[in-house]
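# Descriptive structure summary
These are the residues of each chain, in order.
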Amino acid sequence: MRADHLSDMELQQWVLDPSNTGADHRAHLGQCEECMIRAGEYRLLIAQIKQESAPVFDFDLAGTVLSQLPDYDNLVEPGYERAPLADAARYHRPVGFRRGTLSWPILLVISIVPGGLLYLFGKEVWGIFSGFSGMMLWMLVTSAALILLFQGMEVYRKYQRKIDALNLY
Amino acid sequence: MSKPTGNNQTDKHLVERVLNGDRDAFGMIVCQTEGLVAQIVFKMVSQTEDRKDIAQDVYLKAYQGLARFRFSAKLSTWIGQIAYNTCLSYLERKKLVLPGDGQEGEEPEETSRAFSGGAFPGVSHDNVTESTLYQRELSAILRTALQELSPIYRTLITLYHQEELSYEEIRQITGLPEGTVKNYLFRARRALKDHLMDTYKKEGL
């Protein structure tokens, strides 16, 4: 039998699912008044939570929502087609537009702008760095690249979190 | 409390009717799931005046996204997920207390040790409920304790103990890993129990 008292985690597990409690825990509980009292507190709490009345909206939710619903067909934007109902993976699928299509023009613009600036002011830019030693130059380039990389990763992570929040199965 | 829909065939039938333009079928979906949505909205959003808008928003989103529902979960779970995410966006927008903030980083402490002499020394559990802590008082203390929890903890406690959802269903609704759900539930129960016992000690109920 265990000599020390059961932790809160173990007590909760015992209260929620006694059949899944180990023999040494059960033996301890059978003889330890303190642990039994603490388990009793949890039992009391859980019983009380179950007894709490469920909240209800104080207005006719179904009626209010139904009065605001647009026609279903109007929801389907032009250029979208609905998959057949028999298809389990039914969802609005854009026609002629694939995920990620928009990212290419954005990347193009992002590359063109600095490229254009370098073309126009390349000599001046090179003049700034020409005084630097090779090692210093590489350190600058590496630092800038790493900062950009980490920032890009952070932006991507935030984007993914937003997308996950919108995941509708 | 109206229990949400659980039958996949019923879900499919209802969704099919809605997609074919039957609005009454959507009304049935609302009626069947509003209990769960109310639990989530009431536990996540304290501002009474905002709850109505959020509840309507949840169902409008569900209606608009119904064609994308793929039946990989129960319809009620899916609507619960929309309700949860809508409330979460609301909390983020309002910069209100976010899930588990404050309590998340806390190390589990054996706070109940403060009562290790026994919160009710020498008194059995049955005696406590019957003669000392009156039901109404206990309920009021619990409600206060629940209000002091973070919205996520409150919601998890409700979904698990009142709505009797499984860890998997709660995971689907909240998007939290199952381990995190269990951990948050453990912390929430311990905080509630500590609050309950603390109040008992202070007020000498």
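Being a predicted model, the structure only gives us computed values, none of them experimental.

Our focus in this paragraph is the environment of B:Ile173. Inspection of the secondary structure assignment puts B:Ile173 in helix α8 (residues 167-174). Note: C-alpha distance between B:Ile173 and B:Tyr84 (89 residues apart in sequence) is 6.8 Å.

This part is about the nonpolar core. All names here are of chain B. Counting residues in hydrophobic clusters, the biggest one holds 67 residues, and the most contacted among them are Val-37, Val-41, Ala-83, Cys-87, Leu-156 and Ala-188. When residues of this core are assigned to their parent elements, the largest contribution, ten residues, is made by helix α2 (residues 23-44). Not counting chain neighbours up to four residues away, the residues in contact with Ala-188 comprise Leu-149, Tyr-153, Leu-156 and Ile-157.

For the rest of this paragraph, the subject is the confidence of the model for chain B. Residue and element names in this part refer to chain B. Taken as a whole, chain B shows an average pLDDT of 80; of its residues, 76% reach a score of 70 or greater. With pLDDT under 50 throughout, residues 99-124 is counted as low confidence; its partners more than four residues away or in other chains account for 30 contacts. Quick note on the complex model: pTM equals 0.68, ipTM equals 0.74.

Residue and element names in this part refer to chain B. Where helix α1 (residues 8-19) contacts α2, the axes come no closer than 7 Å and their chain directions differ by 140 degrees. Taken as axis vectors, α1 and α2 run oblique relative to one another. Between α1 and α2 lies a crossing whose hand is left-handed. In this structure, α1 contributes Leu-14, Arg-17 and Val-18 to the contact, and α2 contributes Ala-25, Phe-26, Met-28 and Ile-29. Of the residues assigned to the contact of α1 with α2, the class counts are six nonpolar, no polar and one charged.

Residue and element names in this part refer to chain B. With twelve residues, α1 ought to run about 16 Å at 1.5 Å a step, and its terminal C-alpha atoms sit 16 Å apart, in line with that. Each element contacted by the buried residues of α1 is listed here: α2 and α4 (75-93). Just past α1, the residue Gly-21 takes up positive phi, approximately 100 degrees.

Residue placement: B:Phe69 occurs in the loop between α3 (48-65) and α4. The sequence separation of B:Phe69 and B:Val15 amounts to 54 residues, and the corresponding C-alpha distance is 8.7 Å.

Residue and element names in this part refer to chain B. Here the phi dihedral of Phe-71 falls at roughly 60 degrees; this positive angle occurs in a residue that is not glycine. For Phe-71, a count of 15 C-beta atoms within 10 Å puts it in the partly exposed group. For Glu-164, which is not glycine, the phi dihedral falls at a positive 55 degrees. Tracing the backbone shows Glu-164 in the loop between α7 (151-162) and α8. Of the residues examined, Glu-164 has 11 C-beta atoms within 10 Å and is grouped as exposed.

Our focus in this paragraph is the packing of α2(B) against α4(B). All names here are of chain B. One can describe the packing of α2 onto α4 by two numbers: an axis separation of 9 Å at closest approach and a directional angle of 30 degrees. Relative to α4, α2 is oriented so that their crossing is right-handed. Where α2 approaches α4, its residues Ile-29, Gln-32, Thr-33, Leu-36, Val-37, Ile-40, Val-41 and Met-44 are matched on the opposing element by Leu-75, Ser-76, Ile-79, Gly-80, Ala-83, Tyr-84, Cys-87 and Leu-91. Classifying every residue of the contact of α2 with α4 by side-chain character gives twelve nonpolar, four polar and no charged.

Rules behind the numbers
- Residues numbered from 1 in each chain as written.
- Chains lettered and ligands numbered in written order.
- Predicted model: local features only at pLDDT ≥ 70, side-chain atom pairs only at ≥ 80, totals over all residues.
- Helix = DSSP H or I, 4+ residues; strand = E, 2+ residues; numbered from the N terminus.
- Core = buried A, V, L, I, M, F, W, Y, C linked by C-beta atoms within 7 Å.
- Buried ≥ 20, exposed ≤ 12 C-beta atoms within 10 Å, placed from the backbone.
- Contact = placed C-beta atoms within 7 Å.
- pLDDT = per-residue confidence, 0-100.
- Axes fitted to C-alpha atoms, helices over the stretch in contact; angles between N-to-C directions.
- Parallel < 35°, antiparallel > 145°, perpendicular 65-115°, else oblique.
- Left-handed = near helix turned anticlockwise from the far one by under 90°.
- Nonpolar A, V, L, I, M, F, W, Y, C, P; charged D, E, K, R; others polar.
- Expected span 1.5 Å × (residues − 1).

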